[in-house]
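Take a look at the letters that make up each chain.
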Amino acid sequence: MCGIAGFVGKGSPEDLRRMTRLLTHRGPDAEGYLEDSSAGVHLGHRRLSILDLGGGVQPMSTDDRTLHIVFNGEIYNHPELRQELEAAGCSFQTDHSDTEVLLHGYRVWGERVVDRLNGMWAFVIWDSSRNRIFASRDRFGKKPFFWFYREGTFGFASELKALLAHPSAPRSISVAARRKLFAYALVPAPHSMIAGISKLPGGCHLTLEAGSEPRVHRYWKFQIEPEERGLSDAALASELRELLDRAVKRRMVADVPLGIFLSGGIDSSAVAALAAGHAGSEKLRTFSVGFKEATFDESVYAAQVAKMLGTAHQCEILDLPSARNLLPGLLASVDEPQGDNSLLPTWLLCGFTRKHVTVALGGDGGDELFAGYDTFRGLGMAETYSRVIPGPIHEGIRALIARLPVSHSNLSIDFKLKRGMRGASHPAKIWNPVWLGALEAGEIADFLGGPADVEDLYSEAIGAWDECESRNLMDRTLEFYTKIYLQDGILAKVDRASMLHSLEARSPFLDIDVANFARKLPHRYKLRNGTTKHVLKSALRGLLPDDIIDRKKKGFGSPVGAWLKEGLLTPASQDPFVQSRAKSHREGRSDERLFLWCQLAMEAWEESLFSPAASH
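What counts and how
- Residues numbered from 1 in each chain as written.
- Predicted model: local features only at pLDDT ≥ 70, side-chain atom pairs only at ≥ 80, totals over all residues.
- Heavy atoms only, no water.
- Helix = DSSP H or I, 4+ residues; strand = E, 2+ residues; numbered from the N terminus.
- Rg over C-alpha atoms; globule rule 2.2 N^0.38 Å.
- Buried < 20%, exposed > 50% of the residue type's maximum accessible area, 1.4 Å probe, protein only.
- Contact = heavy atoms within 4.5 Å.
- Areas by Shrake-Rupley, 256 points an atom, 1.4 Å probe, with all protein chains shown as cover.
- Lys, Arg positive; Asp, Glu negative; His and termini not counted.
- Charge placed at Lys NZ, Arg CZ, Asp CG, Glu CD.
- Core = buried A, V, L, I, M, F, W, Y, C linked by side-chain atoms within 4.5 Å.
- Pairing = 2+ DSSP bridges.
- Axes fitted to C-alpha atoms, helices over the stretch in contact; angles between N-to-C directions.
- Phe/Tyr/Trp six-rings, centres within 6.5 Å; stacked < 30°, edge-to-face > 60°.
- Bend = angle between axes of the 7 residues up to and from the residue.
- Polar contact = N/O pair within 3.5 Å; in protein donor to acceptor, adjacent residues only side chain to side chain.
- Salt bridge = Lys/Arg side-chain N within 4 Å of Asp/Glu carboxyl O.
- Parallel < 35°, antiparallel > 145°, perpendicular 65-115°, else oblique.
- Nonpolar A, V, L, I, M, F, W, Y, C, P; charged D, E, K, R; others polar.
- Expected span 1.5 Å × (residues − 1).

Undergrad: What am I meant to see in the overall build of the chain here?
TA: When its secondary structure is counted, the chain shows 26 helices and 17 strands. Radius of gyration (C-alpha) of the chain: 24 Å, near the 25 Å computed for a compact globule of 616 residues. In terms of overall dimensions, the chain has C-alpha extents of about 70 × 55 × 45 Å along its principal axes. For the chain, the proportion of its 616 residues judged to be buried stands at 61%. Restricting the contact set of the chain to residue pairs at least 6 apart, pairs at least 24 apart contribute 71%. Here the chain displays about 22,800 Å² of accessible surface, and carbon together with sulfur accounts for 51% of that area. Positive and negative side-chain charges in the chain, numbering 74 and 77 respectively, have mean positions lying 3 Å apart.

Laid out in structure tokens, this is it:
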């Protein structure tokens, strides 16, 4: 796991070093540079050493110096690919570096090398013989990749701050991205918070040929294609368990200490249980954080699973009010504002885990692939409600529900009801972003000005909805969550939180074989009779206790709503819209936690990005 940066065109070696060193937290173990001033190519790399500690130095080049790479990520099937390439005549210089596998793989298979990869990646290959740049991001967008092309100069980096250290980089905040932040509570790719800087979407390549502008090409997309295979529930569950087991085993290969994030929920518990079977003679190490606030604490369930598995379990009980003081610095460090307030406990968990290991496996992706959120249970009710209840009556019901007392407990009933009614007042194609977002279109127009163009504001969600080949509500919602919420919400959060501590986070559920199983699985195996993750829970019977498998989903949050109500967190903006919402929240008249959190995140990010220290 590393940080990469570089440019083609205008710029100096000092620019490259400044960009690369802003990524030191992503790669504290080493730095490396490749500079060819005649071609205008500059590549920088910061290394977090995980595999082939002595041989995986980057930038890496082939013996004939025609191919050069900077790479961030892990290729879990690199041993098999190495054998294939050796059989094809490739000679390797390193012992077991996955980076060298990418270089030789590109030489033999060209751009289609990525079709063979099982892993996470963001890399740039410079093919000097063709004067060509080839960049790629993994299928789900686990590893970040920002880029710009301006006045003949192409720049890229793992983080916005590093890219902004290049003198040709754009610097104006994107009006569209700011609006989308409040619409989705995240910034969907290809947008970034800087106008003129793009995020390369997951599943995409970028190529830059001499004399041409960069071209982005999609090589893969998550597309639900249900197959009726005639298998029994038991056979499908057994197949899924075997696929997950292989995915976990692949991700346990490392030359540094490794552990498991263990929340006590079904996904992380599944990963821990399967990993325990591959841990060998050494005890598997598991990590969790607990909170004194009961509605946010899951540590008792994590301890239960750890005891059953016999892991070397460590738990740190955190005082969230004390941790609150860390928020301004954290929000200023995450590179792009995010609406997910579980960023704080995720960051705290990563910091605690990094004290003991360098790599951690987690359960990310299970909810999106196998329909784990309450949203999926509510789709049928929302469809019936929107069809049966006339608009004027609906608005009256929504106003009535808005008068329910506000609770700031984790996933409280009033919060779910108000969110559900809010979404159901819109067309089905934008239910999902409205349920997740901080503000509705009209509110965004009131707050930020300009027209409330729903088609433009929610273009990514509408695109995902319309492109889904299945007409089923469940499948369309699964595609939204996997293409947008997972990539730019969950995975972005975990990447930022973990890499701020120089910790590599791995996601077995996003193994390509597991993902393809989920893509082809009819939705009735994911949600059945109100039970979410039906096939996954069946696969885990006998591996985990039933009370862990069947317990209600709790989520991983923080008491931001209460802090805002008590005045312990306060947006700095004096904008009347912000102040009005903050006052309403403090007085308990409405729940504005998501909007106010997004505003806090935006303020901290903006102040940090353009402070004098950020440019050094």
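Undergrad: What's the story with the nonpolar core in this structure? I'm lost.
TA: Grouped burial of nonpolar side chains is what soluble globular proteins tend to show. Core analysis: the biggest nonpolar cluster contains 178 residues, and Phe 123 and Phe 370 have the highest contact counts within it. Ranked by residues supplied to this core, first place goes to helix H20 (residues 473-499) with 13 residues. Beyond its immediate stretch of four places on either side in the chain, Phe 123 contacts Ile 4, Ile 69, Val 70, Phe 71, Leu 102, Val 114, Leu 117, Phe 134, Ala 135, Ser 136 and Phe 145. Counting 19 residues, the second largest nonpolar core, distinct from the first, contains Val 8, Val 70, Phe 145 and Leu 200.

Undergrad: What is the right way to look at the sheet that holds strand S5 (residues 67-75) in this model?
TA: Taken together, six strands build an open sheet; the order of strands is S4-S5-S6-S7-S11-S12 and the sheet is antiparallel. Edge strands, defined here as strands with exactly one partner in the open sheet, are strand S4 (60-61) and strand S12 (215-218). Relative to S5, S4 is paired through two bridges, and the arrangement is antiparallel. Looking across to S5, one finds that Met 60 is bridged to Ile 69. Packing against the sheet, helix H3 (residues 98-109) makes contact with S4, S5, strand S6 (119-127) and strand S7 (132-137), and its axis sits at approximately 125° to S5.

Undergrad: Can you help me understand the packing of aromatic side chains in this one?
TA: Two numbers describe a pair of aromatic rings. These are the distance of the centres and the angle of the planes. In total, this model carries 21 aromatic pairs according to the counting rule given. Pairing Trp 147 with Phe 154 gives two aromatic rings, centres 6.2 Å apart and planes at 45°, and the pair type is tilted. With a relative accessible area of 13%, Trp 147 lands in the buried category. Judged by its relative accessible area of 0%, Phe 154 falls in the buried class.

Undergrad: Sorry, what's going on with H20 here?
TA: Note: α-helices contain 3.6 residues per turn, so residues at a spacing of three or four share the same orientation. At Leu 486, H20 shows its largest kink, close to 60°. In terms of residue burial, H20 counts as a mostly covered element, since 26 of its 27 residues are buried. Between the side-chain oxygen of the N-cap and the backbone nitrogen of Met 474 there are 2.8 Å, and the N-cap of H20 in question is Asn 472.

Undergrad: Would you take a moment to explain the side chain of Arg 137 for this structure?
TA: Mapping Arg 137 onto the fold places it in strand S7. Buried within the structure, Arg 137 lacks any salt-bridge partner; Asp 488 is the closest side chain of opposite charge, at an N-O distance of 5.1 Å. One polar contact links the side chain of Arg 137 to the main-chain carbonyl oxygen of Gly 141, over a distance of 3.0 Å. Aside from chain neighbours lying at most four places away, what touches Arg 137 is Trp 121, Ala 122, Lys 143, Pro 144, Phe 145, Leu 200, Pro 201, Gly 202, Gly 203, Cys 204, Tyr 219 and Gln 487.

Undergrad: Would you mind showing me how to read the pattern of salt bridges here?
TA: As a working rule, side chains carrying opposite charge can pair if their charged atoms are close by. Going through the model one piece at a time under the given rule, you end up with 41 salt bridges. A salt bridge links Asp 495 to Arg 26; the shortest N-O distance between them is 2.6 Å. Taken together, the positions of Asp 495 in helix H20 and Arg 26 in the loop between helix H1 (13-21) and strand S2 (30-36) put the pair 469 residues apart, joining distant regions of the chain. The shortest N-O distance in the salt bridge between Arg 519 and Glu 225 comes to 2.9 Å.

Undergrad: I tried to follow the pairing of S12 on my own but got confused; where do I start?
TA: The side chains of a regular strand alternate, first on one face of the sheet and then on the other. Here strand S11 (residues 204-209) runs beside S12; their pairing, made up of four bridges, is antiparallel. Pairing of Leu 206 across the sheet is with Val 216, part of S12. From the end of S11 to the start of S12, which pair antiparallel, there are five residues, and Gly 211 there has a positive phi angle of about 85°.

Undergrad: How should the packing of helix H6 (residues 233-250) against helix H7 (residues 266-276) be read in this particular structure?
TA: Helix-helix packing is described using two parameters, namely the angle between the two axes and the distance between the axes. Between H6 and H7, the least distance of the axes is 9 Å, while the angle of their chain directions is 75°. The angle between the axes of H6 and H7 places the two elements in the roughly perpendicular class. Residues Leu 244, Asp 245 and Val 248 of H6 touch H7, and the partners they reach there are Val 271, Leu 274 and Ala 275. A class-by-class count of the residues in the contact of H6 with H7 yields five nonpolar, no polar and one charged.

Undergrad: Before we go on, may I ask you to explain helix H11 (residues 343-354) in this structure?
TA: End to end, H11 covers 16 Å across twelve residues, agreeing with the expected 16 Å (1.5 Å per residue, within 8%). Looking at H11, one finds that the buried residues are Leu 343, Leu 344, Pro 345, Thr 346, Trp 347, Leu 348, Leu 349, Cys 350, Gly 351, Phe 352 and Thr 353.

Undergrad: Would you take a moment to explain the sheet that holds strand S1 (residues 2-8) for this structure?
TA: The strands making up a sheet are joined through hydrogen bonds of the backbone, oriented either antiparallel or parallel. Here we have six strands laid out as an open sheet, ordered S2-S3-S1-S9-S8-S10, and antiparallel in their pairing. Where the open sheet ends on each side, the last strands, each with one partner, are S2 and strand S10 (198-199). The pairing of strand S8 (residues 146-150) with S10 spans two bridges and is antiparallel. Within S10, the position partnered with Phe 146 by the bridge is Lys 199. Those strands touched by H1 are S1, S2, strand S3 (41-47) and strand S9 (153-157), and its axis lies near 150° from that of S2.

Undergrad: Help me understand the environment of Asp 64, please; the structure alone is not making it clear to me.
TA: Examined against the element boundaries, Asp 64 turns out to sit in the loop between S4 and S5. Expressed as a C-alpha distance, the spacing of Asp 64 and Arg 471, which sit 407 residues apart in the sequence, is 52 Å. A polar side-chain atom of Asp 64 sits 2.8 Å from a polar atom in the side chain of Thr 66.

Undergrad: Can you help me understand unusual backbone geometry in this one?
TA: Most peptide bonds adopt trans geometry, and most residues besides glycine take a negative phi value. In this structure, Pro 59 follows Gln 58 across a cis peptide bond, with omega equal to -5°. As for its position among the elements, Pro 59 is in the loop between S3 and S4. The residue after Ala 189, namely Pro 190, is reached through a cis peptide bond having omega 10°. The residue Pro 190 is located in the loop between helix H5 (175-184) and S10 in this model. With a phi angle near 45°, Asp 52 is a residue other than glycine that sits in the positive phi range. If you trace the backbone, Asp 52 turns up in the loop between S3 and S4. Positive phi, close to 50°, is recorded for Asn 131, a residue that is not glycine. Overall, Asn 131 belongs to the partly exposed group, its relative accessible area being 36%.

So, to be careful, I would describe these as geometric facts and stop short of saying anything about function.
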